[in-house]
Amino acid sequence: MVGKSNRGRNRKGSQQPAVESSEQAVSSPQAAVESSEQAVSSPQAAVDSSEQVVSSDAPVSGNSSTVQANGDTILNESNDSSSEVKNQDTASNQHPTKQGVDIHLYPVPVKTQGGEKLELQLSPGDSVMDVRQFLLDAPETCFLTCYDLSLHTKDGSVHLLEDYNEISEVADITNGNCFIEMNAALYDDRSIRAHVHRTRDLLSLSTLHSSLSTILALQHETGKNASANLGDGMKDEVLELSNLGFMENVTGSLAKLLSTPSKEIKCVESIVFSSFNSPPSYRRLSGDLIYLDVLTLEGNKYCITGTTKAFYVNSSTGDILDPRPNKTALEATSLVGLLQKISTKFKKAFREILERKASAHPFESVQSLLPPNSWLDLYPIPDHKRDAARAENSLTLTFGSELIGMQRDWNEELQSCREFPHSTHQERILRDRALYKVTSDFVDAANSGAIGVINKCIPPINPTDPECFHMYVHNNIFFSFAVDADLEQLLRKQASEVNSKVQSTASAENSSEKLDNDLPQSASGVSHVEESAASNVENISSIEALSSDLPAVAQLAENEQATYASANNDLKGTKAYQEADVPGLYNLAMAIIDYRGHRVVAQSVLPGILQGDKSDSLLYGSVDNGKKICWNEDFHSKVLEAAKRLHLKEHTVLDGSGNAFKLAAPVECKGIVGSDDRHYLLDLMRVTPRDANYTGPGSRFCILRPELISGFAHAEAAKMSKCESPSEQENPVSDSLNVNSAEEVVKAEEHAASALSDTQQGAEKVEMQNLQECGSDSNVEDTSKGILFNPNVYTEFKLGGNQEEIIADEEDVRKASVYLIDIVLPKFIQDLSTLEVSPMDGQTLTDALHAHGINVRYIGKVADGTKHMPHLWDLCSNEIVVRSAKHIVKEILRDAEDHDLAHAISHFFNCFLGKVQAAFTKGVANSSQSKTQKKVHSGKSTKGQAKLRNMGHARKKESLYLSITSDSLWSDIQEFAKLKYQFELPEDAKQRVNKISVIRNLCQKVGITIAARKYDFDALAPFQVSDILNIQPVIKQSIPVCSEAKDLVETAKVQLAEGMLGEAYTLFSEAFTILQQVTGPMHREVANCCRYLAMVLYHAGDMAGAIMQQHKELIINERCLGLDHPDTAHSYGNMALFYHGLNQTELALRHMSRALLLLGLSSGPDHPDVAATFINVAMMYQDLGKMDTALRYLQEALKKNERLLGEEHIQTAVCYHALAIAFNCMGAFKLSHQHEKKTHDILVKQLGEDDSRTKESQTWMKTFKMRELQINAQKQKGQALNAASAQKAMEILKANPDLIQAFQAAAAAGGTSNSAPPANKSSSSGVISGRGVDERAARAAAEVRKKAAARGLLIRPHGVPVQALPPLTQLLNIINSGVTPDASNSEVSADATNGLQDGEGDHSKGDEAPAGLGSGLASLDTKKSKTKTKAALS
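Predicted model, so just to flag it, every value in this text is computed and none were measured. Every chain begins its residue count from 1, and numbering advances along the sequence as written. Selection of residues for local features in this predicted model requires a pLDDT of at least 70, selection of side-chain atom pairs for listing and counting requires 80 or more, and totals for whole chains, interfaces and linings are taken over all residues. To obtain the side-chain values, all non-hydrogen atoms of the structure were included, while hydrogens and water were left out.

A. The overall build of the protein, seen in detail. Each helix corresponds to a stretch of at least 4 residues labelled H or I by DSSP, and each strand to a stretch of at least 2 residues labelled E; elements are numbered beginning at the N terminus. Along its length, the protein carries 61 helices and 25 strands. Note on exposure labels: buried denotes an accessible area under 20% of the residue type's maximum, exposed denotes more than 50%, and partly exposed covers the range between, all computed with a 1.4 Å probe on protein chains only. Counting every position in the protein, which comprises 1434 residues, the buried fraction comes to 58%. The contact rule is simple, with two residues in contact once any of their heavy atoms fall within 4.5 Å. Of the contacts formed within the protein by residues at least 6 apart in sequence, a portion of 73% connects residues at least 24 apart. The Shrake-Rupley method, run with a 1.4 Å probe sphere, supplies the accessible areas, and residue values consider only the shown protein chains as cover. When the accessible surface of the protein is totalled, it reaches about 56300 Å², and 52% of it is carbon and sulfur.

B. Molecular detail of the pattern of salt bridges. Whenever a carboxyl oxygen of Asp or Glu lies within 4 Å of a side-chain nitrogen of Lys or Arg, that contact is scored as a salt bridge. Tallied over the full model, the rule gives 48 salt bridges. Note that arginine 678 is salt-bridged to glutamate 419, the shortest N-O span being 2.8 Å. In this pair, arginine 678 is assigned in the loop between β20 (670–673) and β21 (679–682) and glutamate 419 in the loop between α18 (410–418) and α19 (425–454), connecting sequence segments 259 residues apart. With relative accessibility at 10%, the residue arginine 678 sits in the buried group.

C. Just the sheet that holds strand β23 (residues 1008–1011), in detail. Two strands qualify as a pair provided that DSSP identifies no fewer than 2 bridges between them. Taken in spatial order, the three strands line up as β11-β23-β24 in an open sheet, and their pairing is mixed. Each edge of the sheet is formed by a strand with only one pairing partner; in this case those strands are β11 (376–377) and β24 (1028–1031). Note that β23 and β24 share three bridges and pair antiparallel. Counted as the bridge partner of threonine 1009 is asparagine 1030 from β24.

D. Inspection of unusual backbone geometry at higher detail. Asparagine 277 connects to serine 278 through a cis peptide bond whose omega is -10 degrees. Here serine 278 shows up in the loop between β6 (268–273) and α14 (281–284). Residues tyrosine 379 and proline 380 are joined by a peptide bond in cis, for which omega reads -5 degrees. Backbone geometry at aspartate 581 places phi at a positive 55 degrees, although glycine is not the residue there. Within the secondary structure, aspartate 581 sits in the loop between α25 (564–580) and β14 (585–586). Residue arginine 596 is not a glycine yet carries a positive backbone phi of 50 degrees. Within the secondary structure, arginine 596 is located in the loop between β15 (590–595) and β16 (598–604).

E. Quick peek at helix α52 (residues 1229–1247). Here the expected span of a helix is defined as 1.5 Å times the quantity of residues minus one. Counted at 1.5 Å a residue, the expected span for α52 with its 19 residues is 27 Å, and the 26 Å between its end C-alpha atoms agrees. Two residues or fewer past α52, glycine 1248 is found with a positive phi of approximately 95 degrees.

F. Spotlight on the pairing of strand β8 (residues 301–307). Burial analysis of β8 places six of its seven residues in the buried class, which makes it a mostly covered element. Both strand β7 (residues 288–296) and β8 contribute to a ladder of seven bridges, which runs antiparallel. Bridge pairing in β8 links tyrosine 291 to threonine 305. Linkage of β7 to β8, two consecutive antiparallel strands, is achieved through a turn of four residues, within which glycine 299 is found at a positive phi near 95 degrees.

Below is the structure:
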């Protein structure tokens, strides 16, 4: 039932017939336990805290239970969620029906060409294309491509199904008794080639992208079946994970990131287009379309003829075509059908391939439209084998063009899709789907075209102009270059410094000559690449602008039109106008491609632009920087409508002659009427006002982010609003410790997903909450529309209107800029400090900055504000280093010849992270002038003026990258950081950077792929030329997303926060269905929905359902974001917690191991998220009874949090609380009480006495104290422990005899926990060399044996009696008696040092044990404990 319902639900746009139908097969480990899911509650109790730590992504306040020990009562049971869950159906098989309420499915049999029958679940709203998609994915029909479909109804009539019809338009399938028949259609040239390509794809497993999670689950399943003794297997797994060494060696883990590709199943040696092609004319008249040469696995060669009707084996043997069918006269309507007849091995292998694909998760075979670049590739490099099919494709497919047929008119397709009707829900989905598909295809084609442009495979349309002005048109896409103005600024600065040293008193004229002669790069560089309106005369003006100190903003303005910044802004502006979606106002499709150091801007071709002068059709704006402004009433009304939605103000501007015009857009935008009579708005580089904090020359395109404008408008609206109610505290995190940590830890992931909702409210969330409480949403909307900005203030354009109005406009923009500095930045820094926002790497940091409306140029200020948090300061400074290095490596790539690329990149990396001295330099000793000149001369000068190319061309080419040394590179990086980000990198920045994270970040930003091997960063040159494997294009695009689904997700998040699980589930499911139809499953928004659905199911107690959804999210994240993206790491963490909820702890630990590996790569080992993951791992070990390992992980988490966040951070309190629970599980109530007291002290300081979490902690303290007193009272009366506690302790000891040692150490350390430093001192001062025997352990064990023997009990091999209550009581008494420090100091020393010197406890040697743990616990290690216990008991 579930499968059918799911199949119907995902039927549209999912590229799969049953996107969820085979999920049960994939998550087989959890399927087996589905039945026992209700019985999970008690073991799960102990892990409640850990699950909350990572899995509760949404602000679920009030529906969480607190961290608890095995079997302990829950003090703060959630009332909201539990009642909600009771009211709604929680059984997993009822959820899909809820989602598919509106969709009625009917079984329709399909009769295939071979006479077989299969059944589809269809709804009347399905289109015939959907039916074709289902058949393309069904194993019985996947190899058929050319057929017609007819629908036979019960009255005997037959209806032909046209591709674009909906089934309901043809006939009514709701009455039943109807079936669909597949009839073979005739092939033509195009369809037969498509058929051959489809067959080749089917015979390859390369399209199957197996997720590691699927592999882990299958391995676990086979391992479980294989090993008869499950206990041993689990023990090995536990040891394997506990020996991770707390992620000290991240470089060694690079190779573990990539899984080896699955072994190909060979069906046939080769299928290639025969050299008999194309068919001679007389055979063409008989229907021959194509000839194929096939070599089967048996070694037989066949020549196959493809005709309009079928495929058959012809009689050709040598070099002469014999078109007659061979003796066997075998033929079939499909190529696969024919191959199955002529080769038995093919038949068997093809069945295997279909089975393999069927067993995989359906999402794993869906193609991702724009897969992320991988910065690592397999090492050693796999062999490159002959593949005729691959060779054919590489030679026949041109740059982004289709194989056969006309080039696509991208602009017409895009604008036609925008004109689709969108009044009903279904129309909106169809429109969004069409827009998404066309834009994605455009970006893909633009990517291929840009590579062709940069590799010089596509000729320019203006070859006589200098190279920097070249423009290209290919496949109906217009390509132009953009220049890196930031690097120019750095080089100009260095050049001017050199200049001033040489001639400090030069006049403006002389200095301009000097620059012209010595540094021609400054002239050609800035104008390196202009847009089509650029003029060569600007070379002169740019020299004047650069060399003189005059405020030559106007001269620079045109040059800046084609910089990186303006291209970025243009893309953002285009996206903003697309989202505003004003009828009658159009934008071009646009993408930015960075490849080999070049930035190429790709746009769809404006109709008519290539046939005539665009100034003739200009209706609005200016092409000459405001000297002449055009205006049109009709155009203005449309722009004004868009402006209202974008917070832009209608204002007056004067042109060069003083004429006044009312504009509602930046002056330099261009409103053009195309030859298709549509109104296009181009050059949208300033759709938000200029940043008043950056108004100097060269910062013309420093504009405010739209998120900030929106947040500021809301904040202002909130101030104006009359509705004022007492405000709540900022962001109430949650009602219990574990949820608090949950939300803090998961915020990074949450942030990327819900950027919009966070930022719409800016930094004034509190005021917005009040407004919403007062029900004045509409009021806010109206008021915020009233706050509009003039985009042309703080620019060189002349503003019209009265002076007061201009001053008021400037004041508005200044206020927004001040709001950014004074409110948004401090709030963001505070959110970072409280872990409200927790970025893991450069990309998530950038996303978080943008989501808050902060430009990356402010990252230096963020770094300065987070100095007290080492991991945040490192993250910011690493990002600044990478962004600075990016410009330099791009310059090197631009300059390098094709044959030098790998050498140049490896040399750069060696300078960056190795120790490259001036050995490579030829005569460039210490002269900064010659270094700068070399860079300048050999940089873009070669791109600019042809005359410079004659002078020592080859020598300069060599010198650019070889003249760079480690010192010169890092001084350039420090200079750049100061210039661009106003940030002083420390002198030892090179030593301080997190090397793997920085290399990863830089490779991702530039598109470089390196070998996944272990690098020795202490070597002089860590990188070899052979380590550089690829350079890929990095794409920025504006593919639209479905706003309707986005709104549903936002609403659902609010419902989830209020604990309304049923409503949230319905909304998330609806959003999921819409997104599946619009984007297909491979999209990060779909992953977002899956994550929330998993969370809702988790809170509802449906673990198996949660795992299914989480598995989907994991697959999508791996494919759309990358294997090592932080979101992927969090997916693995969540998956582990859900598996743990199903009692599959071994599988959970495997996923945790992967999560830790990914976190180590993206953020390095020092990050609060790593500490939180350690707590989760500890909870899992705790449930397995591996208390020693659990304590080590908790101790490491505590160390990390104290070092990174401080001793009084809430996350540190979470660690103490987890430790208290762990000690409680061991029966060490005294230690539990001490650690819970520390938790309580921190919470009182941070949250106050009245906070629910503080009170909760106090209750825990009382509980622990009460138990401690009970134990002491029982001891004094000489009573035995009460049966339940004894039984519990018994089970722990039975499960792990090695814990006797742990008890001893804990007993000794117990008294010293309040004065940890003295204990540490005494332990370190009394170091004993050699290996000692723990006498106390021996004495205790002997006592156990003696008493057990006296009672006639069996003794286990390790000396632990099967049932021995009195000795256990005695052990617990030892723990709870509280030995005084004075009495036990010497013993502690001996114990601790033995532990530290023995075995594998090295990681705790140098560090002080965290306060509260005592030094003895630092040394708990499984192997040591075993050895010692055996020695003691023998």
